[in-house]
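Structure at a glance
Listed here are the chains, written in short residue letters.
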Amino acid sequence: MPAKACLVVIGNEILSGRTQDANTIFIARRLAELGIALESVHIIPDRAARIVETVNLCRAAYDYVFTTGGIGPTHDDITARCIADAFGVQLTVHQETFDALMHAMGAEKFNAARQRMAYLPHGAQPIKCAASVAPGFRIGNVYVLAGVPRIMQSMFDALAPTLQKGPPLISATWRGRIGEGALAAGLENIQSRFAELDLGSYPYESAAGVHSVALVAKGYVPDRVAAASQEIRQLFLELGVTPEEGEPPVD
């Protein structure tokens, strides 16, 4: 079985709709490539008690916990302090990070607010990346990343080689012009024979207004995904529909 992961997205701006979360899809795709199963995503506000509670619940239940957001220089960037509280350790100056930030910004610009970014939970290891001098960090099985997508992606790419990898998640897709209700019983039968796979039905409408459906098989064993894929293709054919392979085109 692949390692299991959870993502905690931290930010009032996500919950209010002011900012669109672009990080979840990136992390989900990268974890799938690494053979790590993302099993849960929590979107929570910048509230200390909520962050501590969520992180503690998740780190006990999953192999990996990733958080995004709340590690900048402003008053609402409280993630580092909350992670320290969750682990029962002090938030202390990480001297190497402090020195690197001061060197990059200059002593005059390295004010008290910016110095906050050099405070890490005691025992945490910084996650350095090419996009920012201010690091994310890892403590235990919790990886704390920036909320800015460009910086978060750079941090994730830097930490990815340290993760326990497995076979990548692979998928096969067939689509056709038919309502998903007509396919439901047949797809359920296929699922019963491939219990270890994730089979999904995703209706869509083309630009011309044609109702269609895409059937997807996902799993970690290539032979099993291939076998399920052929049964899905055959299901379309039995219903008089010529299936097309692959995801629906983007109009």
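Please refer to the structure placed before this passage.
We now turn to the structure provided with this report. (Residues numbered from 1 in each chain as written. Predicted model: local features only at pLDDT ≥ 70, side-chain atom pairs only at ≥ 80, totals over all residues. Heavy atoms only, no water.)

**Describing the packing of helix α2 (residues 23–34) against helix α7 (residues 149–159)**
Axis separation between α2 and α7 bottoms out at 10 Å; the angle between their running directions is 15°. Classified by the interaxial angle, the pair formed by α2 and α7 is roughly parallel. Once α2 is placed against α7, the crossing between them reads as right-handed. In this structure, α2 contributes N23, F26, I27, R30, L31 and L34 to the contact, and α7 contributes P149, M152, Q153, F156 and D157. (Axes fitted to C-alpha atoms, helices over the stretch in contact; angles between N-to-C directions. Helix = DSSP H or I, 4+ residues; strand = E, 2+ residues; numbered from the N terminus. Parallel < 35°, antiparallel > 145°, perpendicular 65-115°, else oblique. Left-handed = near helix turned anticlockwise from the far one by under 90°. Contact = heavy atoms within 4.5 Å.)

**Observations concerning the nonpolar core**
In this structure, F66, L145, F156 and L163 are the most contacted members of the largest nonpolar core, which totals 46 residues. The leading source of residues in this core is strand β1 (residues 3–10), at seven residues. Residues contacting F156, with those up to four places away along its chain left out, are F26, I27, R30, L31, L34, F66, L145 and L163. Counting residues in each nonpolar core, the second largest holds 18 residues, with A172, L183, I190 and F194 among its members. (Core = buried A, V, L, I, M, F, W, Y, C linked by side-chain atoms within 4.5 Å. Buried < 20%, exposed > 50% of the residue type's maximum accessible area, 1.4 Å probe, protein only.)

**Comments concerning the pattern of salt bridges**
Counted under the stated rule, the structure contains six salt bridges. With a closest N to O distance of 2.4 Å, E96 and K128 form a salt bridge. Of this pair, E96 sits in helix α5 (residues 95–105) while K128 sits in strand β6 (residues 125–129), and the two are 32 residues apart along the sequence. A relative accessible area of 52% means that K128 is categorised as exposed. Put simply, R193 and E231 hold a salt bridge, and the shortest N to O gap is 2.5 Å. Note that R193 is positioned in helix α8 (residues 180–193) and E231 in helix α9 (residues 222–238), a separation of 38 residues in sequence. A residue is classified by how much of its surface remains accessible, and R193, at 45% relative accessible area, is partly exposed. Residues participating in the shared-partner salt-bridge network are R30, E33 and D157. (Salt bridge = Lys/Arg side-chain N within 4 Å of Asp/Glu carboxyl O.)

**Some points on the packing of helix α3 (residues 48–61) against helix α4 (residues 79–87)**
At their nearest, the axes of α3 and α4 sit 9 Å apart, and the two run at 55° to each other. With respect to α4, the element α3 is oriented oblique. Crossing of α3 against α4: the hand is right-handed. For the pair α3 and α4, the contacting residues are A48, I51, V52, V55, N56 and R59 in the first and R81, C82, I83, D85, A86 and F87 in the second.

**Here's the deal with the packing of aromatic side chains**
Aromatic ring pairs are described here by two measures, namely the spacing of the ring centres and the angle between the planes. Taken as a whole and assessed by the stated rule, the structure comprises six aromatic pairs. Each ring, one from F26 and one from F156, has its centre 6.0 Å from the other, and the planes form 85°; the classification is edge-to-face. Residue F26 is found in helix α2, and its partner F156 is found in helix α7; the two are separated by 130 residues along the sequence. Accessibility expressed as a relative area gives 18% for F26, which makes it buried. A residue is classified by how much of its surface remains accessible, and F156, at 0% relative accessible area, is buried. Among the aromatic residues, ring-to-ring pairing joins F26, Y64, F66, Y143 and F156 into one connected group. The cationic tip of R59 hangs over the ring face of F87; the distance from NZ or CZ to the ring centre is 3.9 Å. (Phe/Tyr/Trp six-rings, centres within 6.5 Å; stacked < 30°, edge-to-face > 60°. Lys NZ or Arg CZ within 6 Å of the ring centre and 35° of its normal.)

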